[in-house]
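The chain contents come next:
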Amino acid sequence: MFNFLYRLFLTLNSTSLIIVVFLVKEKINIPWPAQLSFLPYYTAYIIYFLVPVFLTFISLLLSNLLDSDSLEKEDDGKGISKIMEVEQANNAFLPSYLGYFFVALSVPYFETLVFVFILLFIFTYFSQTLYFNPLFLIIKYQFYYLTTTNNIKIFLITKKELKDPKDIDLPKLKRINNFTFIDKGGR
Amino acid sequence: MNHLVVKTKGRDGKIFKVFSDKQVYELPTDLDNPKPYNSDYKLEDDEWFYIPEFSKTSFCIDFLKKKFISTDYAQMSDVKIENLHYLCSYQTGVYFFQNVTPSLIIRKKWFKFTDSPVLEDNAPIITINDRADAIYIKSTDTLYFKKLAAITTIFKGIIELYKEATQAETEDFLKSSFIHIENDYDSSKVKTANRKRIALAMETFKNFSATQKKTIFEYIKEYCKALPFDAKKMMFTITGEEDLKDLLWGIEQRYYTTPIGNEKMVANSVSKID
């Protein structure tokens, strides 16, 4: 149950920027009290943007409650890595994100936005492997595709910079879903 | 890190991850003096059977041949409890197997005995035995087990080790020159226990020279007074299962005399002293 709610939460985080972009496009300001009315428009924009960032932080904290997993080096003393191939995926989300932004910029009415947002939300949720949240990049997380020595590909969110498959040692993973894992082992 | 996985039944049975970071089984401390499998040998409480170079045997499963990578397995969900085949706990290079038998599944109502108990109905639980049915240590490539019958469904074909003479072998054995059958006893009446002994005895007997055979017959005659022996024809008369058992034990040289008290004994189980 927790897992299901957590995935919904992650989906919300990674799609919420659409709403931010829409609010900025529509120049919707926060109804400030009279004393604060001197604040320029972009203060509201920054606050809009900080909401998903904050939620992303929360999602990282909550990820400690997920089921553990590991991809540590072999326990037999030789310390052979279980990873055969590593592929950076930071840029893979850009096309879909640009798509989100263009949608948000060209949607004329609020009702249309709600409809489009729900559709995107559903598709992102069911696409499973794509919990791409570019806000993770701001908090210094990177995205990688890893292929294990048993030839199974997984998606990993980690703070480590992974380059040589031989050196990869990930003893503290959390399972978001069967294809997506997040590394809690630091840098 | 430790991981518990389950395998589901059937030809397309899959492996699912249950949970991680928990130590389910303790590594027994008495694995240092294992015995090679012999169906006739009765293990002491602190003894295990073992199969060295297990990955090279035909009954080793693919799951043990490849590296254990927990992220390769999907999280268990929607698996019916009656579909479970076995549990395997991977604990830093050691695999603990436990067959899931109906007796391990509890379908009664239950509640956790804590400050806030909740009655659970229709929530079957699986109990975990103190001792795993089989233990595989990857670094030494050795499988340890206590009861072969418990693991025959996990490792297909391992039952071969449980050697039992076939009908033809039993017939052949009973036709041996040193056996005379009476009282309507025939190969169809030989039960499993004796068939296993025949399989073993045939191996032993094959390697005896003529003089050794003579020695063995004398030895059997000495200990089995109840077993009729014709010294001229060199023939034992077998009238039933008991007689056959006595003879087979004799071939395995299970009889001995105590140095003190001079009592004649039979060894229920034997193993070589290295």
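Details of the structure are given in the entry above.
Keep in mind the model is a prediction, meaning the values are calculated, not measured. (Residues numbered from 1 in each chain as written. Chains lettered and ligands numbered in written order. Predicted model: local features only at pLDDT ≥ 70, side-chain atom pairs only at ≥ 80, totals over all residues. Heavy atoms only, no water.)

Enquirer: Quick one: what's the story with the overall build of chain A, residue by residue and with numbers?
Expert: For chain A, the count of helices and strands is 6 helices and 6 strands. Counted from the first residue to the last, chain A has its helices and strands arranged as α-α-α-β-β-α-α-α-β-β-β-β. Dimensions of chain A, computed from C-alpha atoms along their principal axes, come out at roughly 70 × 35 × 30 Å. Contacts in chain A between residues at least 24 apart in sequence constitute 71% of all its contacts with a sequence separation of at least 6. Summed over its atoms, the accessible surface of chain A is roughly 9900 Å², and 69% of this surface lies on carbon and sulfur atoms. One finds the centroid of the 17 positive side-chain charges in chain A at a distance of 5 Å from the centroid of its 15 negative side-chain charges. (Helix = DSSP H or I, 4+ residues; strand = E, 2+ residues; numbered from the N terminus. Contact = heavy atoms within 4.5 Å. Areas by Shrake-Rupley, 256 points an atom, 1.4 Å probe, with all protein chains shown as cover. Lys, Arg positive; Asp, Glu negative; His and termini not counted. Charge placed at Lys NZ, Arg CZ, Asp CG, Glu CD.)

Enquirer: Could you give an account of the interface of chain A and chain B, naming the residues involved and the relevant values?
Expert: For an interface, size is often stated in terms of accessible area lost upon the parts coming together. Between chain A and chain B, the contact holds 21 residues from the first and 20 residues from the second. Across the chain A/chain B interface, buried area totals approximately 1600 Å², and carbon plus sulfur atoms make up 45% of it. For K17(B), the salt bridge goes to D69(A), with nearest N and O atoms at 2.8 Å. For the pair chain A and chain B, the interface holds 18 residue pairs in polar contact (both at pLDDT 80 or more). Of all the elements in the fold, those that place two or more residues in the side of chain A that touches chain B are β1 (68-71) and β5 (170-175) of chain A. Here the element with the most residues in the side of chain A that touches chain B is β1(A); it accounts for 4 residues. Residue composition of the side of chain A that touches chain B, by class: 7 nonpolar, 7 polar and 7 charged. (Buried area = accessible area lost by both parts, 1.4 Å probe. Salt bridge = Lys/Arg side-chain N within 4 Å of Asp/Glu carboxyl O. Polar contact = N/O pair within 3.5 Å; in protein donor to acceptor, adjacent residues only side chain to side chain. Nonpolar A, V, L, I, M, F, W, Y, C, P; charged D, E, K, R; others polar.)

Enquirer: Describe the side chain of D72(B), naming the residues involved and giving the relevant values.
Expert: Along the chain, D72(B) falls in the loop between α1 (62-65) and β5 (74-75). One buried charge, D72(B), has no salt-bridge partner; the nearest side chain with opposite charge is K66(B), at 6.0 Å. (Buried < 20%, exposed > 50% of the residue type's maximum accessible area, 1.4 Å probe, protein only.)

Enquirer: A description of unusual backbone geometry should follow, citing residues and the corresponding values.
Expert: With a phi close to 55°, K27(A) is a non-glycine residue in the positive phi region. Looking at the element boundaries, K27(A) is found in the loop between α2 (17-25) and α3 (41-62). Unlike most non-glycine residues, D78(B) shows phi in positive territory, near 60°. Relative to the helices and strands, D78(B) resides in the loop between β5 and β6 (84-91).

Enquirer: So what's going on with the sheet that holds strand β6 (residues 180-183) of chain A? Which residues, and what values?
Expert: All names here are of chain A. Ordered in space as β1-β5-β6-β4-β3-β2, the 6 strands form an open sheet in which the pairing is mixed. Taken across any chain shown, the strands that pair with only one partner, and hence form the sheet edges, are β1 and β2 (83-88). The sheet shows a mean angle of 35° between the axes of neighbouring strands, direction not considered. Across 3 bridges, β1 lies against β5 in antiparallel orientation. Paired with D69 across the bridge in β5 is L173. (Pairing = 2+ DSSP bridges. Axes fitted to C-alpha atoms, helices over the stretch in contact; angles between N-to-C directions.)

Enquirer: Can you break down the environment of Y223(B) residue by residue, with the values?
Expert: All names here are of chain B. Relative to the helices and strands, Y223 resides in helix α5 (residues 210-223). Judged by relative accessible area, Y223 falls into the buried class, the value being 18%. Sequence separation of Y223 and V266 is 43 residues, and the distance between their C-alpha atoms is 9.2 Å.

Enquirer: Quick rundown of a negative patch on the surface? Include the residues and the values.
Expert: Residues and elements named next belong to chain B. Together, D32, E44, D45 and D46 line one region of the surface with negative charge. By the element assignment, D32 lies in the loop between β2 (15-20) and β3 (35-36). Assessed through its relative accessible area of 67%, D32 is described here as exposed. (Patch = residues over 30% accessible without salt bridge, like charges linked within 9 Å, V, L, I, M, F, W, Y side chains within 5 Å.)

Enquirer: Pulling in residues and values, what's your account of the state of the cysteines?
Expert: Residues and elements named next belong to chain B. By the definition in use, this model includes 0 disulfides over all chains. Of all cysteine sulfurs, the one in C60 lies closest to C88, which takes part in no disulfide; the gap is 12 Å. Under the relative-accessibility criterion, C88 is labelled buried at 1%. (Disulfide = S-S within 2.5 Å.)

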